[in-house]
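Structure assessment
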Amino acid sequence: MFSYLDHSLYCEQIPLADIAKRAGTPCYVYSSQTIRENFRAYDESLGDLPHSVCYAVKANGSLGILSLLARAGSGFDIVSGGELYRVLKAGGDPAKVVFSGVGKRSEEIEYALENGIHSFNCESEPELALIDALAARRGMKAKFALRVNPDVSADTHPYISTGLREHKFGIDIHEAEGVYERARTYANLVVTGVSCHIGSQLLDVNPIFEALDKVLALVERLRAAGHAITHLDLGGGLGIAYREEDPAPEIRTFADCVRKRLQGRGLTVMVEPGRSIVGAAGVLLTRVLYRKRNVNKEFVVVDAAMNDLIRPALYRSHHDIMPLRENDRPEIVADVVGPVCETGDFLARDRTMANVAPGDYLAIATTGAYGFVLASNYNARLRSPEVLVEGDKWRIIRTRENYDELVRGETA
Ligand code: LLP
């Protein structure tokens, strides 16, 4: 939903320069249409297979985004009490919430029980014991799935690959049956599912299907042993095209394959997509402050920095950088850097890009996922506002922080 018309970059029907001028920069802008379409692609392609699309809140937890997805019928995958709070604030249905994560604290578990979430994706035996004890205290039964680690290797950045034995996540698939067996003794736990998640930004879906096959075989063994498994949670992880040439999987094709493999097995399937729903729906707008040259190197200094978008610094990730107004000057090769006092503060390196001048605006593309959520106040920089576009309208869904908010809760 981002395209040029008469040399101006638009989000849906709004020229992004209008937003940059009125909301200021840096500023995140999201297309509601893209988010809704991506959600529907999962929902419609899973079709008549009983399913629940649980959007992974960690990718972008802004209330405006969560509320849009809640209204579209989405469930939510959360990893903290704070994320549950956000979902409830945005009008999400707690009965469609799954709670994942390797280190749930008792207050968080109690908060989830109190609000009647769908189920817990558990990652260890001590966690099962804790949930059982807390559910007993409330006189409740808690539904759970074990997150198993299927030991498949997903070809992605090492920081976001999770499905190998050496990773901290899940319970080794070979040990899972023993854990399910021992869990029978917990009076306040009800087993309902099996879950897995092997990594993020997966451009090849084969490892996901390899994991699915292993998990399906486990489901059959568990059922044969008398465990009533009714749902299978496949996790998230579908990759998106950060570069035009990336071989990104189509959501519809992927979900179609999932539906075909799971039809007739008496299982409700859950998926936990984050990036593939919001990633391509967002851009970070920034303004060029200076051009400078150090010996042979050209720098474009902009007003967005690693505190606004950390992905290039942390993962060396690529984000296209597009001018809000195209010009016909010959392109340049430059590093696009921010004001933060670190050499790692770059948004692009050796990038062939538009020949921009101070005052020009740029859009850093594909930043709807793991963009704002990872923003910080480093260098006492104010976190940017967020804008949601809907057709020919736009609204601010988060205001820019101010200096009062910057020191909120502090005492001198
Ligand atoms: N479910 C679980 C259990 C997860 O750990 C994750 C992501 C997801 C679902 C959603 O995955 P997605 O569909 O978004 O790939 N900060 C990194 C990504 C970290 C992903 C962590 N887990 C980045 O910027 O690339």
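Presented here is a report on the structure given in the accompanying data block.

**Observations concerning the overall build of the chain**
- Each helix and strand counted, the chain has 12 helices and 21 strands in total.
- Relative to the compact-globule value of 22 Å for 412 residues, the chain shows a C-alpha radius of gyration of 23 Å, a close match.
- Projected onto its principal axes, the C-alpha positions of the chain cover 70 × 50 × 40 Å.
- Split into buried and exposed, the 412 residues of the chain put 56% on the buried side.
- Contacts in the chain between residues far apart in sequence, at least 24 positions, make up 70% of those at least 6 positions apart.
- Carbon and sulfur atoms make up 49% of the accessible area of the chain, which totals about 17800 Å².
- Charge centroids of the chain, computed over 48 positive and 55 negative side chains, lie 2 Å from each other.

**Notes on the sheet that holds strand β1 (residues 2–5)**
- Strands sit in the order β1-β2-β3 across an open sheet of three strands; the sheet is antiparallel. Two strands in the sheet have a free side with no partner beyond their single neighbour: β1 and β3 (14–15).
- Bridge count between β1 and strand β2 (residues 8–11): four bridges; the pairing is antiparallel. For Y4, the partnering residue across the bridge sits in β2 and is L9.

**Regarding empty space enclosed by the protein**
- Summed over all chains, the structure comprises two cavities of 30 Å³ or more.
- Here the largest cavity is characterised by a volume of approximately 50 Å³.
- In terms of lining, the largest cavity is formed by Y42, I208, L234, G235, G236, G237, L238, F254, V271 and P273.
- Taken together, the residues that form the lining of the largest cavity break down as seven nonpolar, three polar and no charged.

**A word on the pairing of β2**
- Residues of β2 alternate between two faces, with S8 and Y10 on one and L9 and C11 on the opposite face, all of them buried.
- Here β1 folds back onto β2 in antiparallel fashion, the turn holding two residues, of which D6 has a positive phi close to 50°.
- As paired strands, β2 and β3 are joined by two bridges and run antiparallel to one another. From the neighbouring strand, Y10 faces β3, where its bridge partner is P15.
- Hairpin remark: β2 followed by β3, antiparallel, with two residues in the connecting loop; positive phi at E12, about 50°.

**A look at the packing of aromatic side chains**
- By the definition in use, this model includes six aromatic pairs.
- Measuring from centroid to centroid gives 6.5 Å for Y55 and F76, while their planes differ by 85°, and the two rings are edge-to-face. Here F76 lies in strand β6 (residues 75–78) and Y55 lies in strand β5 (residues 51–56), a separation of 21 residues in the sequence. Per residue, the accessibility class of Y55 equals that of F76, and both read buried.
- Centroid distance F144 to Y180: 6.2 Å. Interplanar angle 20°. Geometry classified as stacked.

**Focus on helix α7 (residues 173–183)**
- Where α7 is concerned, the buried positions are I173, A176, V179, Y180 and A183. Each buried residue of α7 sits inside an arc of 100° when the element is viewed along its axis, so together they form one side. Exposed residues pointing more than 90 degrees away from the buried face of α7 are listed as H174 and E175.
- Structurally, α7 contributes buried residues whose contacts are with α6 (125–137), β9 (142–149), β10 (171–172), β11 (189–195) and α8 (206–224).
- Put simply, D172 is the residue that caps the front of α7, since its side-chain oxygen is 2.8 Å from the backbone nitrogen of H174.

Conventions used here
Residues numbered from 1 in each chain as written. Predicted model: local features only at pLDDT ≥ 70, side-chain atom pairs only at ≥ 80, totals over all residues. Heavy atoms only, no water. Helix = DSSP H or I, 4+ residues; strand = E, 2+ residues; numbered from the N terminus. Rg over C-alpha atoms; globule rule 2.2 N^0.38 Å. Buried < 20%, exposed > 50% of the residue type's maximum accessible area, 1.4 Å probe, protein only. Contact = heavy atoms within 4.5 Å. Areas by Shrake-Rupley, 256 points an atom, 1.4 Å probe, with all protein chains shown as cover. Lys, Arg positive; Asp, Glu negative; His and termini not counted. Charge placed at Lys NZ, Arg CZ, Asp CG, Glu CD. Pairing = 2+ DSSP bridges. 1 Å grid on protein atoms, 1.4 Å probe; cavity = no way out; pocket = protein on both sides within 12 Å on 5 of 7 lines; lining within 4 Å. Points joined across faces, edges and corners; volume = space filled by probe spheres on them. Nonpolar A, V, L, I, M, F, W, Y, C, P; charged D, E, K, R; others polar. Phe/Tyr/Trp six-rings, centres within 6.5 Å; stacked < 30°, edge-to-face > 60°. Arc of directions from axis to C-beta. Polar contact = N/O pair within 3.5 Å; in protein donor to acceptor, adjacent residues only side chain to side chain.

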